[in-house]
Every structure is written in C-alpha cells, then in structure tokens.
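An overview of the molecular structure
The primary structure of each chain is shown beneath.
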Amino acid sequence: MKTPYKNIYTVLKLNRLIVLAVVICAAIISIVSVVMVLKVHRDTVNHAFVVNTEGSVIPLKLVSQKENIEVEALAHLELFHTYFYNIDGSNYEKNLEKALWLGNSSVDALYRQKKADGVYNRLLQYSLVQKVLSIKSEVDIQKEPYTFKTTTIFEVNRGSVIDTYELKTTGNLIHVDRNFPKNTHGLLITNFFENSLRKIEQDQES
C-alpha cells in the first residue's frame, strides 16, 4: 500500500509558521540583548569601581555631568560679575583684567564703551566704591551654548550717599580650554548684554 503524500500547501504553510516563529524569537532575543548591553553601558558610565582591602568590588556613584556643568557655570558667572562690577578706584584695573579673561569680545566691547563713557574716570574722580551685594544666575544647560540670566545687586558709595541698583544681564556660555588661574572653569561668556539697570529705592529695601 502506497503512503499518501501530504498536501504541498499544508507543508508550505507549516514551514512558513516555523520560519516566522524562528524570526520572531530571534528578534526578541536581539532586542533583549541590546537593552541589556545599553543598561550595562549606562551603569558603567555612571559608576566607578574600587576594590577594598578584602578584595570586594565596591561601586562608587559618580556625580552627574550635568550637575558638574551647572555648578561650574554658576561659579563662572558669579566670578565674572564680581570682577566686572565690584570695583573702586584702587582695584578696577586689576579686576577688569581678570573679568576680560572670562568673556569674549562682547565683554570687551562693553568694557570699552564704559571706558569711553567715563565710568572708570568717575570712580577715580569722585572716589566711588561700587560693591556687589548679591549675584543670582539661571543657566539652561540642556544645549551648548548655554544661555544664562543674571541679576546683580550692587551699591555705589558716594561718601555721604549710598545708592543701590539692580542690574539684569544675559548671554551665553561655551566651553574653552581651562587656563589656570585665569579661567579655571573652562567656560567663556559670549553675547553678553546689560538688559536693564534700575535704582532700588530705600522703601523697597526695607
């Protein structure tokens, strides 16, 4: 008795199902493998490992890079605004020289404009003392160049009269090579602009 042949369409359908199942399993395995590799890579980047005296491996959590950037950016802005606005007749040349290392031509242009307007001559002529009281900055570190907004409160001591002012400035920050001690944070202020300056009345301060 002859063995009956299976219907060729049934065989092909079964083969197609087997191939499809194999492809799906392979795809799932590949996806899981990629996810695991990415997780291991992320953990490796975010952790350092040391071996203690007993030979055990101890993971050390590293500080987030963005946190580092934000801290350095805020410190850079505070240093610059202190140098640029905390001045008097005896220190303005030294402070402004330090400030110019922290910004690009936009800072230099503002300095030259102030010089041409006689701002620094008045410091000497009237023995003025310009003292920074507070510096508050906001920095967007999502994408370089980083934009910032800074509010600086400073007072001008004219001897018998002390006036207090609020100055708002804006600009960008970009990375440059660190230069110790002239630019320790490795950042440079660009597009620097003094947006507004207003006198704070005494009744507002109290």
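What comes next is a walk through the structure. Everything numeric in this text was worked out from a predicted model, so none of it was measured.

Quick word on the packing of aromatic side chains
Under the defined criterion, the tally for this structure stands at eight aromatic pairs. Relative to Tyr85, the ring of Phe84 lies with its centre 5.0 Å away and its plane at 80 degrees, an arrangement referred to as edge-to-face. Just as Phe84 is buried, Tyr85 falls in that class too. An aromatic cluster is defined as three or more aromatic residues linked by ring pairs; in this entry it consists of Phe80, Phe84, Tyr85, Phe154, Tyr165 and Phe192.

Quick word on a nonpolar patch on the surface
Taken together, Leu20, Ile24, Ile28, Val32 and Met36 make up a surface patch of nonpolar side chains, about 470 Å² in accessible area. In this structure, Met36 sits in helix α1 (residues 8–46).

Brief notes about the environment of Thr82
Relative to the helices and strands, Thr82 resides in helix α2 (residues 65–85). For Thr82, a relative accessible area of 29% gives the class partly exposed. Once the C-alpha coordinates of Thr82 and Ala99 are considered, the two residues, 17 residues apart in sequence, prove to be 8.4 Å apart.

Considerations on the environment of Asn195
Summarising the element assignment, Asn195 is placed in strand β7 (residues 187–200). Residues Asn195 and Lys168 lie 27 residues apart in sequence; the distance between their C-alpha atoms is 5.5 Å. At a separation of 2.8 Å, a polar atom in the side chain of Asn195 contacts the side chain of Thr170.

Some thoughts on the pattern of salt bridges
Under the criterion given, the structure shown has six salt bridges. For Asp108, the salt bridge identified is with Arg112, shortest N-O distance 2.8 Å. With a gap of four residues between them, Asp108 and Arg112 both fall in helix α4 (residues 105–116), about one helical turn apart. Close ionic contact of Arg198 with Glu166 constitutes a salt bridge, the shortest N to O distance being 3.0 Å. In this pair, Arg198 is assigned in strand β7 and Glu166 in strand β6 (residues 162–175), connecting sequence segments 32 residues apart. Three or more residues joined by partner-sharing salt bridges are found here, namely Arg158, Asp163 and Lys199.

A few points about the side chain of Glu166
Accessibility expressed as a relative area gives 14% for Glu166, which makes it buried. Not counting residues within four places of it along the chain, the set of residues in contact with Glu166 comprises Thr151, Thr152, Ile153, Ser196, Leu197, Arg198 and Ile200.

Criteria and cut-off values
- Residues numbered from 1 in each chain as written.
- Predicted model: local features only at pLDDT ≥ 70, side-chain atom pairs only at ≥ 80, totals over all residues.
- Heavy atoms only, no water.
- Phe/Tyr/Trp six-rings, centres within 6.5 Å; stacked < 30°, edge-to-face > 60°.
- Buried < 20%, exposed > 50% of the residue type's maximum accessible area, 1.4 Å probe, protein only.
- Patch = residues over 30% accessible without salt bridge, like charges linked within 9 Å, V, L, I, M, F, W, Y side chains within 5 Å.
- Areas by Shrake-Rupley, 256 points an atom, 1.4 Å probe, with all protein chains shown as cover.
- Salt bridge = Lys/Arg side-chain N within 4 Å of Asp/Glu carboxyl O.
- Helix = DSSP H or I, 4+ residues; strand = E, 2+ residues; numbered from the N terminus.
- Polar contact = N/O pair within 3.5 Å; in protein donor to acceptor, adjacent residues only side chain to side chain.
- Contact = heavy atoms within 4.5 Å.

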